[in-house]
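A closer look at the structure
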Amino acid sequence: DSRNSGSIDSGAASFFGTPLSTVARAKRNNMDPPASSRPYSSSTTSSQRRRPHRQRGGRTSRQIEWALISTIIFSVITFLKFQSTATVRKSVPGVITTQDQDRPRPRHDVYDGSSGSGTHSHFIVWMYPFPPPNIEIKDDWEVPSGDQILICPYKTACYGKGSTINLAALTKDTLYNSYILDHPYQKFRHMKEFCHHIQVIAMISLLLKNDGVCVQTLGGYNWFCSAESFSDYNPYDNGGQSWSASTESSGESDLSISKFPYQLLSHKGSSQVLSLAPDMTREEFATYGPWNVSTDVRLGGRYNSGEDIQSLAGVGWYPFLSSVRIKDDPLNNYSGYYIANSLQQSPPMKMPYSEEAKERRSLMEKLDIVSMFFGGADMIQRNEKFLREYTNEVYPFGCRSTLTCATLKAHKIRSYFSSCLTLTSTYQGSVLYHDGSSPSLNGLPLLNPALVNFTSAIKKAKEEKDLVLLVDVVDRSALPPLPSNARWLSADIPKGYPRSCQPQSERIDYCYRLLSQYANHAKVVITSRIHVGLPAAAMGIPVIFVSKGGWLPGGKEKTGRVAGLLDIFHRIDKTKKLTLGFDLSGPIPPNPGNHEADRRRAAFWHRLKRVSYYEDAARIFGRIPFQRLGAGMVQDDFHNNFHVVMNQTDLSDWRSRRTIEAVLFFHPNAKILIHVEGYVSGGSQGLFTIFAESGYDVRLVPISSQRASVKQIKMLLQKFGGVFLSKGTFIRGALPVALDEGYSLDEHGDVALMIGKKAAVKATNKTWVASYLSSTQTQQCMSDPTWEMESTEDIAITVDRASLLEHDIIMDTRCYDLIEKNCIYNDDLHWKYGKETGVLLKLSDGSTARYCEGQIWSPNVSCKERVEYMKSRHSMSDQDAMISTLQQGCLCA
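In what follows, the accompanying structure is described. (Residues numbered from 1 in each chain as written. Predicted model: local features only at pLDDT ≥ 70, side-chain atom pairs only at ≥ 80, totals over all residues. Heavy atoms only, no water.)

Focus: the nonpolar core
- Of all hydrophobic cores here, the largest spans 177 residues; its most connected members are Tyr518 and Ile660.
- Residues within four places of Tyr518 in sequence aside, it is in contact with Lys465, Leu469, Val471, Val525, Val532, Ala536, Met539 and Ile541.
- Residues Phe730, Cys781, Trp787 and Leu818 belong to the second largest nonpolar core, which totals 21 residues. (Core = buried A, V, L, I, M, F, W, Y, C linked by side-chain atoms within 4.5 Å. Buried < 20%, exposed > 50% of the residue type's maximum accessible area, 1.4 Å probe, protein only. Contact = heavy atoms within 4.5 Å.)

Below, the structure is given as structure tokens:
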């Protein structure tokens, strides 16, 4: 057929409705392909999508014979072409195709940005979180095929179709890698324009990293096959001026300053700039913080950067940043997405409660209270109606401190301790120009990533990484001798830095310089600032936290704002006799609370990935899977090889997942093999996908039967060795390798727990105890806070699965301690409040709280003993003595 050139490639219609050879000819030198090459939408008629057909006539037997031969040849060539296409897809650096996306990916299955195969590929790119303006995308929308790959990582943009991409991997060793790795800072710089930069960075990087590749913006006509014409583009350039002038007033930056390649996002010949880009106001993503610091703060001579460090942590999860809201009233006249992670004292934050149920629910579903500190019961009372509906119908309240959790639980508001979102901070950071001196201000210029030596400078800094950074230390007399490479910094932004600390752009610049120094120069950070220590620890830097009898840089610690946050760090406090066991001249041990930090980070991910925008953005910027901070802290004296047998239904059951969580709580570096009956390698992992995403080593493998007879489990451990647990067994602590071999059974005669070595599992007289709870005992364990285990020596407890399925776990019961406390994803609450406990007290501010005498006031002193002491020592009444102990741990948890 002369109309189709007689070739298979040109005879088979491409995704663009144009023979591929025609596109290939047109795309040379960045020419326009024919008009018929525009991508189809669901509005395209079926007649437009079909190939022209010849009019049928009578056929001879020879014609039929030739037709059969042609069909066979065509099928063989098509099969070979398909195999080649599959190879092309999997060789593209940074790109995870739809085929790969549908299956669970182990931690190593991420493209590393190595060179492509050299085979010509056509990439249609759409990096925006919203659909393209020129294509009507519906469920029946057609996606590219053949060697044409659609990259559309936001499910909200392309109905979940297309391939994902890891820009951190794709841009490695390019000019743009720093922009991607430090995306929270760049989102502040470019606001709504940030996605335009991400779109062109993805396109240019595909050209740079793959030979013979051409790219096109989804909805456009033009192919681009060379990166040379975009060599002047520099997303870091601000024209030598502060980026505050243009960004802060309009939420937009001046793209022309960066020599932005508009042709990638515009129809050729169109007078409309960015004609292919979507409306960036379809959804909003806001953080908090004043654009301008108030006069009284500026006249005081300083501004604490901790507020902006927290804002950066929230922005890191957004696709882009739309606006900055007032901290105390961020939700007023706002209908967009908002991550709430802040300290709220006075005035308390307002949570608007609309009388319109639909409007109220929309606001709540876009709000994530992931990490907030409430300084008093009055804040809860002011927002109680909102909080009860939010926590009952949307998601529990994430508490930044344990005191906030205790206050909320005293009011029976669903909550959990989350710590601070700054624990998810991640930056490559820049390098600062300095001559080795210790500057009094954090005002040194940043090394421009556009410079040729930037990559080598970053690498050199990270290899040396020898500075001892001291940031706002309250008690210098408590410090060990400081080496010569110590440098003093401050988290307080001076009022003259470097022009003024008034606009937020200057403050974010200051924060970025601090974070860059932690990431690239710090051997250890010594501080008394929470929002210095937490982001540094999140980047793997050892942190020594110095306190002085409760005094911190912000004043006396009496509100509980850091309660529960300090266990991550090394500690120095002379008043509490907390000292270091090492000096600063040698190697610094990793943070002792790294495993706890990993659990908090995992719970943040588990919560935030519910929002498609946040999940997709995290994958785009290479944040997932998490690199666990405690991955190198392996304890050889404890078991690190575990096995559980399940069926496929268990993979969607939170109870089965909690069994695995308990193992990881006490053995975070364990390798856990889950043997699943009927599981097909590469199949869906259900709720268990979260483990690999969080950085834990949990793997699913097929097994022929889920039975747990003694014989079968012995055979399992003879092959692998380690510890076997049934799916209803929860360990109560770390299991030493010195434990005797042996096993315990449940009431059905199946193995509940077995410890054995490879090649031989001996039936020894084990000295350890592991109990099984009957149906009645399990129900008591779940519902009665006064019920106690018969033994406190059990290394594990096996509960009755049927009872666990049928009944609720009540807070402060033994099963609450066993299952809900020793877990990883504590944001996923599976417990309820029971009867009132403690003594209800009315406080001086009119609020109420509950006092529990059985809790601990301080080591070896109960709350009841402390109250008796206060009564006798200060002649106080029972009520006054109980109130005085509430802030010291006697508030009912």
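After presenting the structure, the write-up continues.
Some thoughts on the state of the cysteines
- Summed over all chains, the structure comprises four disulfides.
- A sulfur-sulfur separation of 2.0 Å characterises the disulfide bridge that pairs Cys863 with Cys890. The chirality of the disulfide connecting Cys863 with Cys890 is left-handed, given an S-S dihedral of about -100°. Separated by 27 residues along the polypeptide, Cys863 in helix H29 (residues 863-874) and Cys890 in the segment after helix H30 (878-884) bring together distant segments of the chain.
- The buried category is assigned to Cys890, whose relative accessible area is 0%. (Disulfide = S-S within 2.5 Å. Helix = DSSP H or I, 4+ residues; strand = E, 2+ residues; numbered from the N terminus.)

A word on the pattern of salt bridges
- Under the defined criterion, the tally for this structure stands at 36 salt bridges.
- Among the salt bridges present, the one from Asp308 reaches Arg507, with a minimum N-O distance of 2.7 Å. Taken together, the residues span a long stretch of sequence, with Asp308 in helix H13 (residues 306-315) and Arg507 in helix H19 (residues 504-521) at a distance of 199 residues.
- Assessed through its relative accessible area of 0%, Asp308 is described here as buried.
- With a shortest N-O distance of 3.6 Å, Asp817 and Lys821 are connected by a salt bridge. (Salt bridge = Lys/Arg side-chain N within 4 Å of Asp/Glu carboxyl O.)

With respect to the pairing of strand S21 (residues 641-647)
- For S21, the buried fraction is high: six of the seven residues fall into the buried class.
- Once the chain exits S21 it traverses helix H23 (residues 654-666) before rejoining the sheet at strand S22 (residues 671-677), and the crossover so formed is right-handed.
- Here three bridges tie S21 to strand S24 (residues 722-725), and the two strands are oriented parallel to one another. In the strand pairing of S24, Val644 is matched with Leu725. (Right-handed = clockwise from strand over helix to strand, strands pointing away. Pairing = 2+ DSSP bridges.)

Things to note about the sheet that holds strand S2 (residues 121-125)
- One open sheet holds the three strands; their spatial order is S3-S2-S5, and the pairing between them is parallel. In the strand order of this sheet, the two ends are held by strand S3 (148-151) and strand S5 (213-217), each with one partner. Averaged over all pairs of adjacent strands, the angle between their axes in this sheet comes to 25°, without regard to strand direction.
- For S2 and S3, the ladder comprises four bridges, and the chain directions are parallel. Paired with Phe123 across the strands is Ile149, a residue of S3.
- Sheet contacts for helix H10 (residues 194-209): S2, S3 and S5; angle to S5, the most-contacted strand, approximately 165°. (Axes fitted to C-alpha atoms, helices over the stretch in contact; angles between N-to-C directions.)

So, the packing of helix H14 (residues 357-365) against helix H16 (residues 384-393)
- Contact geometry for H14 and H16: axes closest at 11 Å, N-to-C directions at 65°. One way to sum up the angle between H14 and H16 is to call them roughly perpendicular. In this structure, the crossing between H14 and H16 has a hand that is right-handed. Each of Arg360, Arg361, Leu363 and Met364 in H14 lies in contact with H16, whose residues at this interface are Phe386, Glu389, Tyr390 and Glu393.
- Here the residues of the contact of H14 with H16 sort into four nonpolar, no polar and four charged. (Parallel < 35°, antiparallel > 145°, perpendicular 65-115°, else oblique. Left-handed = near helix turned anticlockwise from the far one by under 90°. Nonpolar A, V, L, I, M, F, W, Y, C, P; charged D, E, K, R; others polar.)

Structural notes on the environment of Arg360
- With respect to the secondary-structure elements, Arg360 resides in helix H14.
- A residue is classified by how much of its surface remains accessible, and Arg360, at 11% relative accessible area, is buried.
- Sequence spacing of Arg360 and Ser335 is 25 residues, and the spatial spacing of their C-alpha atoms is 9.7 Å.
- Discounting chain neighbours no more than four positions away, the residues touching Arg360 are Tyr353, Ser354, Glu355 and Glu389.
- A distance of 3.0 Å separates the side chain of Arg360 from the side chain of Glu389, its partner in a polar contact. (Polar contact = N/O pair within 3.5 Å; in protein donor to acceptor, adjacent residues only side chain to side chain.)

With respect to H13
- Burial within H13 is extensive, with nine of its ten residues counted as buried.
- Restricting attention to buried positions, one finds in H13 the residues Gly306, Asp308, Ile309, Gln310, Ser311, Leu312, Ala313, Gly314 and Val315.

A closer look at the environment of Glu384
- Relative to the helices and strands, Glu384 is located in helix H16.
- Through-space distance from the C-alpha of Glu384 to that of Leu408 is 9.9 Å; in sequence the pair is 24 residues apart.
- A distance of 2.8 Å separates polar atoms of two side chains, one belonging to Glu384 and the other to Arg388.

Section: unusual backbone geometry
- With an omega of 5°, the peptide bond running from Ile624 to Pro625 counts as cis.
- By secondary structure assignment, the location of Pro625 is in the loop between helix H22 (612-620) and S21.
- A positive phi angle, near 50°, is found at Met191, a position not held by glycine.
- In this structure, Met191 sits in the loop between helix H9 (183-190) and H10.
- Unlike most non-glycine residues, Asp812 shows phi in positive territory, near 70°.
- Tracing the sequence through the fold places Asp812 in the loop between strand S30 (809-810) and helix H28 (814-821).
- Since its relative accessible area comes to 30%, Asp812 is described here as partly exposed.

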